[in-house]
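These are the residues of each chain, in order.
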Protein chains: 2
Amino acid sequence: MTRTQQIEYFTEERSVEAVNSRMDQAADARLRTIMASLVSHLHAFAKDVELTTAEWGAAIDFLTRTGQMCDDKRQEFILLSDTLGFSMLVDAINHRRPSGATENTVLGPFHVEGAPIYPMGTNISLDGKGESCLFMGRVLDLDGKPVQGAKIDVWCDNADGYYDVQQPGIQPQWNNRGIFVTGKDGTYSFRGIRPVSYPIPDDGPVGQMLAALGRHPNRPAHMHFMVSAEGFETVITHTFVNDDEWLASDAVFGVKASLLARMEPGEKHDTKWKSNFDFILNRVG
Amino acid sequence: MTRTQQIEYFTEERSVEAVNSRMDQAADARLRTIMASLVSHLHAFAKDVELTTAEWGAAIDFLTRTGQMCDDKRQEFILLSDTLGFSMLVDAINHRRPSGATENTVLGPFHVEGAPIYPMGTNISLDGKGESCLFMGRVLDLDGKPVQGAKIDVWCDNADGYYDVQQPGIQPQWNNRGIFVTGKDGTYSFRGIRPVSYPIPDDGPVGQMLAALGRHPNRPAHMHFMVSAEGFETVITHTFVNDDEWLASDAVFGVKASLLARMEPGEKHDTKWKSNFDFILNRVG
């Protein structure tokens, strides 16, 4: 049996090598790189904590229930990624920008393509709920010059903490959504409501995990922005109401210091609140 | 805003600290330890490979499909754990034994409680298929003394590569399963078939992953054994046919050098094959 005697079988000590030595035939070198790193880190995790068989079983059960919670409206694995800071990390790795450029944050599950394009100043709140707020500011390049033709796609929850797509038939379609395009001066403005904080869906495995970790499911109040313009890197981000109680403990780790937007009293006879925020785009190509 | 200025928000550099600093309120200290290690290794993985947003999306999709493949007969997450060597690693961590004691390997998904208890020598192959084989040997302690009253629970696939529970109505119930109890001399023997290799279920996400990695789904031929006796640590293991073509590349990394069992010609007028293997139990308590 000289053939089998030369084989290196699986051992605890060399578990990573045993698995990763099997990937030589992978057609895609990038897949091999990713899987080899994943195996290395997964095994290191099990060794670090000396994972018990019962704990392994609990993990299998948790992952299974997480997958089975998913349907066309609910993505529990993205929630898991979000609540472990993994989504924000991937976002950060993929959107490193020069100092001064507006930072990205997670897209979240509630963006919808094809929102109405409105003239500047339009009120996007269609359900009459909430405290009125004027959102305004400029889209600039890193030299401080106005960006013309920038498309500003915005969306937020209503005053009850739900997006329109979470309440079809209850909220008007396109409630608190709209697209605005800048002119020569790069300025933008639209009316809506002061955003309110809300919990991520916590009636599934991820909610159970958060509870077990002593974490709450809340996100601080924010307005979503996707700002794109020819020749510039698209920015997907939020602005956060700067005195929200959940800023320091956003369930999905989306808050960055540079994205806090001061909520100030609005002008007499107009909106109750006013939020001024400039977007600084990074030129590409 | 002195309050918010003191907050440490999420950054790529300190992503692990941002997440793990939120677990102080976990009721279970062990859960906190496990999750902190998991977050640390998961983030290190994303940073090592600079995971792209598209790759992250593919991973979310893969995990979702893996969960949705699971039902009461199919556990795709265990298959995933098995094929990444994770199940064998957890098994190894939890079953470290003194040198000389029979090593564990994975239980697998096909053990069934309550198999018939037979007298030594009984033939457990009930479907008349396959090449006959006598399994025999001794159950000993680490001093080489026979262990009386050891329960030997055995199971294997039939000659077509399927366990009885995979083919209800096609195979007889309890085909290739049985329990034997040792007497004073610690010996055991039963008749069955020479085990054949078979593929793990590869019509799901795990099969797709193996194909992308250039790996086959096959397990080398093996007989499952669970050997338990009062005062000894239970051994869950397989013996592997020592000249199987898949020994060096078992899809679930279950093979250990100490578990190879020589397949020899059987005695005239009895079985075609004979496989002799001693189980050495580790005393506990």
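Conventions adopted
- Residues numbered from 1 in each chain as written.
- Chains lettered and ligands numbered in written order.
- Predicted model: local features only at pLDDT ≥ 70, side-chain atom pairs only at ≥ 80, totals over all residues.
- Heavy atoms only, no water.
- Phe/Tyr/Trp six-rings, centres within 6.5 Å; stacked < 30°, edge-to-face > 60°.
- Helix = DSSP H or I, 4+ residues; strand = E, 2+ residues; numbered from the N terminus.
- Buried < 20%, exposed > 50% of the residue type's maximum accessible area, 1.4 Å probe, protein only.
- Least-squares fit on C-alpha atoms with pLDDT ≥ 70 in both.
- Contact = heavy atoms within 4.5 Å.
- 1 Å grid on protein atoms, 1.4 Å probe; cavity = no way out; pocket = protein on both sides within 12 Å on 5 of 7 lines; lining within 4 Å.
- Points joined across faces, edges and corners; volume = space filled by probe spheres on them.
- Nonpolar A, V, L, I, M, F, W, Y, C, P; charged D, E, K, R; others polar.
- Core = buried A, V, L, I, M, F, W, Y, C linked by side-chain atoms within 4.5 Å.
- Buried area = accessible area lost by both parts, 1.4 Å probe.
- Salt bridge = Lys/Arg side-chain N within 4 Å of Asp/Glu carboxyl O.
- Polar contact = N/O pair within 3.5 Å; in protein donor to acceptor, adjacent residues only side chain to side chain.

(A) Focus on the packing of aromatic side chains. All names here are of chain A. What the rule picks out here adds up to 25 aromatic pairs over all chains. An angle of 15° between the planes, with centres 5.1 Å apart, marks the rings of Phe135 and Phe190 as stacked. Of this pair, Phe135 sits in strand E1 (residues 132–141) while Phe190 sits in strand E4 (residues 187–193), and the two are 55 residues apart along the sequence. When its relative accessible area of 2% is taken as the criterion, Phe135 is described as buried. Overall, Phe190 belongs to the buried group, its relative accessible area being 0%. Ring geometry for Phe225 against Phe279: centres 4.7 Å apart, planes inclined by 50°, an arrangement best described as tilted. Of this pair, Phe225 sits in strand E7 (residues 222–228) while Phe279 sits in strand E12 (residues 279–281), and the two are 54 residues apart along the sequence.

(B) Quick look at the relation of the copies chain B and chain A. Rotating chain B by 180° about the axis while translating it 0.0 Å along that axis superimposes it on chain A, leaving an RMSD of 0.1 Å. The relationship between the two copies is best expressed as a two-fold rotation axis. For chain B, the smallest separation between a C-alpha atom and the rotation axis is recorded for Gly67(B), amounting to 2.0 Å. Take the interface residues of chain B: 100% of them recur as interface residues in chain A, which is what a same-surface contact looks like.

(C) Local environment of the layout of surface pockets. One number sums up the size of the second largest pocket: a volume of about 900 Å³. For the second largest pocket, the lining is made up of 35 residues, of which Gln75(A), Ile78(A), Gly108(A), Pro109(A) and Phe110(A) are closest to its centre. Sorting the residues of the lining of the second largest pocket by element identifies helix H5 (76–83), helix H6 (86–94) and E7 of chain A together with helix H4 (53–68) of chain B as the ones contributing at least two each. For the lining of the second largest pocket, the class distribution of residues is 16 nonpolar, ten polar and nine charged.

(D) A look at helix H7 (residues 205–212) of chain B. Burial in H7(B) covers these residues: Pro205(B), Val206(B), Gly207(B), Met209(B) and Leu210(B). The secondary structure elements touched by the buried residues of H7(B) are helix H3 (29–49) of chain A together with H4 and helix H5 (76–83) of chain B. Just beyond H7(B), the residue with positive phi is Gly214(B), at close to 70°.

(E) Spatial organisation of the nonpolar core. By size, the foremost hydrophobic cluster in this structure holds 70 residues, and its most contacted members are Leu51(A), Met209(A), Leu51(B) and Met209(B). Leu51(A) has contacts with Phe45(A), Ala46(A), Trp56(A), Arg30(B), Ile34(B), Phe86(B), Val90(B), Ile93(B) and Asn94(B), leaving out every residue within four places of it along the chain. Grouped together as the second largest cluster of nonpolar side chains are 34 residues, Ala150(B), Cys156(B), Phe232(B) and Leu247(B) included.

(F) Broad picture of the interface of chain B and chain A. Contacts between the two partners involve 78 residues from chain B and, on the opposite side, 79 residues from chain A. Of the roughly 7,200 Å² buried at the junction of chain B and chain A (both faces included), carbon and sulfur atoms supply 67%. Taken together, the links from chain B to chain A amount to six salt bridges. In this structure, Glu50(A) and Arg96(B) form a salt bridge, with 2.8 Å as the shortest nitrogen-oxygen distance. Here chain B and chain A share 30 residue pairs in polar contact (both at pLDDT 80 or more) between them.

(G) Seen up close, the side chain of Arg74(A). All names here are of chain A. Tracing the backbone shows Arg74 in the loop between helix H4 (53–68) and H5. A polar side-chain atom of Arg74 sits 2.8 Å from a polar atom in the side chain of Glu76. Reaching out from Arg74, the side chain makes a polar contact with the side chain of Asp203 at a distance of 2.9 Å. Filtering out sequence-adjacent residues up to four positions away, Arg74 remains in contact with Met69, Leu79, Pro201, Asp202, Asp203 and Gly204.

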